[in-house]
Amino acid sequence: MSDASPLLGQKVLVPRGKDQAKSFSTLVERYGGIPVEIPLIAFRPIAITRRLQDCLAALDTYDWIIFTSNVTVETFFSYYDRDVSTLPKIAVIGKKTAEVLQAKGIQVTFVPSVYVAETFAEEFLPVVNHSTKVLLPKGNLAREHIAASLSEAGVRVDEVVIYETYLPEESRLRLAQLLSQHELDILTFTSPSTVDHLMEVVSEFGLEKQLKNCIIGCIGPTTEKKLLEYGLTVHASPKKFTVKDMIQSIMVYLENN
């Protein structure tokens, strides 16, 4: 690694859990940065509900299942243990989610050109019609855009919550400590929920001033919008919604400022 790297020695918040953080942290290290792993978001399956039982029992009546994330895939298949060859057609928002399904031997029929809900809905609508029945498993904090857009066009969409999102308590305390000691140079955010959870800690411990010296990068327009709603400055928000592109856009900002 060249000493010229703008990320050299910078302490970068990696807001993912242990299982998802490795590739993110490796990328930061490759560019000379120091990854600081603090999961700002964690997931746990809900206790199985009658609604979920009914959806699983009627799975053969659906034309499509839409998976919006890796977490949705893994959680769904913790409940579903039948022959995957009998599944309805599969649509996903992003390439990584498609790869997780393909690793399970499940064919993905639809992936949008841009990995955001707005593009997904726009490009998926021509594929379906008024008689189409869609199952949309999701988290408790998931956006409503896909379901609302499809329903408005006359598609029958059954949403079912299968997991909940939360901020681990150990992350809350560690984040407060590091922010108060100015031990984080760059904050990265991968979803609106990661923003909300960090700002909960900032508000609880009165750390608003500590954010002023941090560089902020994010993935996706909804995450950027959430940051702006809190009055934060977004220094890097790439057009391609990947961690690699976010890190590179942060480096471009650092080089020019």
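Residues numbered from 1 in each chain as written. Predicted model: local features only at pLDDT ≥ 70, side-chain atom pairs only at ≥ 80, totals over all residues. Heavy atoms only, no water.

Novice: Just to check I follow, could you spell out the overall build of the protein for this structure?
Specialist: Helix and strand counts for the protein come out as 11 helices and 9 strands. For the protein, whose C-alpha radius of gyration is 20 Å, the value lies close to the compact-globule estimate of 18 Å for 257 residues. Overall size of the protein, expressed as C-alpha extent along the three principal axes, is 55 × 35 × 35 Å. When each of the 257 residues of the protein is scored for burial, the buried share is 49%. The long-range share in the protein, meaning contacts at least 24 apart out of those at least 6 apart in sequence, stands at 66%. Roughly 12900 Å² of accessible area belongs to the protein as shown, and the carbon and sulfur atoms make up 48% of that amount. Positive and negative side-chain charges of the protein, numbering 26 and 31 respectively, have mean locations separated by a distance of 1 Å. (Helix = DSSP H or I, 4+ residues; strand = E, 2+ residues; numbered from the N terminus. Rg over C-alpha atoms; globule rule 2.2 N^0.38 Å. Buried < 20%, exposed > 50% of the residue type's maximum accessible area, 1.4 Å probe, protein only. Contact = heavy atoms within 4.5 Å. Areas by Shrake-Rupley, 256 points an atom, 1.4 Å probe, with all protein chains shown as cover. Lys, Arg positive; Asp, Glu negative; His and termini not counted. Charge placed at Lys NZ, Arg CZ, Asp CG, Glu CD.)

Novice: Please explain the side chain of Thr165 as it appears in this structure.
Specialist: Looking at the element boundaries, Thr165 is found in strand E7 (residues 156-166). Sequence-distant contacts of Thr165, that is, excluding residues within four places in its chain, are made with Ile41, Ala42, Phe43, Asn140, Leu141, Ser193 and His197.

Novice: Just to check I follow, could you spell out the pairing of strand E8 (residues 186-189) for this structure?
Specialist: Walk down a regular strand and you will see the side chains alternate between the two sheet faces. Neither face of E8 is open: one carries Ile186 and Thr188, the other Leu187 and Phe189, and all of them are buried. For E8 and strand E9 (residues 215-218), the ladder comprises 4 bridges, and the chain directions are parallel. Bridging from a neighbouring strand, Leu187 pairs with Ile216 of E9. (Pairing = 2+ DSSP bridges.)

Novice: How should I be thinking about the confidence of the model for the protein in this particular structure?
Specialist: When the pLDDT values of the protein are averaged, the result is 93; 98% of them are 70 or greater. Mean pLDDT across the elements of the protein ranges from a minimum in helix H1 (residues 18-30), with 87, to a maximum in E8, with 98. (pLDDT = per-residue confidence, 0-100.)

Novice: Explain helix H2 (residues 50-57) to me, please; I cannot follow it from the model alone.
Specialist: Side chains three or four residues apart in an α-helix point the same way, a direct result of the helix having 3.6 residues per turn. Of all the residues in H2, the buried ones are Leu52, Cys55 and Leu56. Buried residues of H2 fall within an arc of 95° about the axis and therefore sit on the same side. Exposed positions of H2 whose direction lies more than 90 degrees from the buried face are Arg50 and Ala57. Buried residues along H2 sit in contact with helix H3 (70-79), strand E6 (133-139) and E7. (Arc of directions from axis to C-beta.)

Novice: Where do I start with the packing of aromatic side chains in this structure?
Specialist: In this description, a pair of aromatic rings is defined by centroid distance and the angle of the planes. Within the structure shown, the criterion is met by 10 aromatic pairs. Seen from their ring centres, Phe76 and Tyr80 are 5.8 Å apart, and the 25° between their planes marks the pair as stacked. Across the pair, exposure class does not vary: Phe76 and Tyr80 are buried alike. One aromatic cluster is present, formed by Trp64, Phe110, Phe120 and Phe124 through successive ring pairs. The side chain of Arg44 reaches across the aromatic face of Tyr166, ending 3.8 Å from its centre. Directly above the ring of Tyr62 sits Lys133, whose terminal nitrogen or CZ lies 4.5 Å from the centroid. (Phe/Tyr/Trp six-rings, centres within 6.5 Å; stacked < 30°, edge-to-face > 60°. Lys NZ or Arg CZ within 6 Å of the ring centre and 35° of its normal.)

Novice: Teacher, can you tell me more about the packing of helix H8 (residues 192-205) against helix H10 (residues 221-229) here?
Specialist: Each pair of packed helices gets described by two things: the angle between the helix axes and the distance between those axes. Where H8 meets H10, the axes come as close as 8 Å, and the angle between the chain directions of the two elements is 25°. Judged by the angle between their axes, H8 and H10 are roughly parallel. Here Pro192, Val195 and Asp196 of H8 lie close against H10, whose contacting residues are Thr222, Thr223, Lys226 and Leu227. Taken together, the residues of the contact of H8 with H10 break down into 3 nonpolar, 2 polar and 2 charged. (Axes fitted to C-alpha atoms, helices over the stretch in contact; angles between N-to-C directions. Parallel < 35°, antiparallel > 145°, perpendicular 65-115°, else oblique. Nonpolar A, V, L, I, M, F, W, Y, C, P; charged D, E, K, R; others polar.)

Novice: I'm lost on the layout of surface pockets in this one. Help?
Specialist: Gaps left between atoms show up when a probe the size of a water molecule is rolled over them. Its boundaries defined by the atoms lining it, the second largest pocket holds a volume of some 160 Å³. Surrounding the second largest pocket, Met199, Glu208, Leu211, Lys212, Cys214, Ile216, Tyr230, Gly231, Leu232, Thr233 and His235 form its lining. Partitioned by chemical class, the residues of the lining of the second largest pocket number 6 nonpolar, 3 polar and 2 charged. (1 Å grid on protein atoms, 1.4 Å probe; cavity = no way out; pocket = protein on both sides within 12 Å on 5 of 7 lines; lining within 4 Å. Points joined across faces, edges and corners; volume = space filled by probe spheres on them.)

Novice: How should unusual backbone geometry be read in this particular structure?
Specialist: Both trends apply: most residues other than glycine have a negative phi, and most peptide bonds are in trans. Look at His182: it is not a glycine, yet its phi comes out positive at around 55°. Structurally, His182 is set in the loop between helix H7 (169-180) and E8. With relative accessibility at 47%, the residue His182 sits in the partly exposed group.

Novice: Teacher, can you tell me more about the pattern of salt bridges here?
Specialist: Opposite charge on two side chains lets them pair, provided their charged atoms get close. Applying the stated criterion across every chain yields a total of 12 salt bridges. Overlapping salt bridges bring together Glu169, Arg172, Glu200 and Glu204 as one network. (Salt bridge = Lys/Arg side-chain N within 4 Å of Asp/Glu carboxyl O.)

Novice: Can you walk me through the side chain of Ser149 in this structure?
Specialist: Assignment of secondary structure puts Ser149 in helix H6 (residues 145-152). Leave out the neighbours within four places in its chain, and Ser149 touches Ala121 and Leu125.

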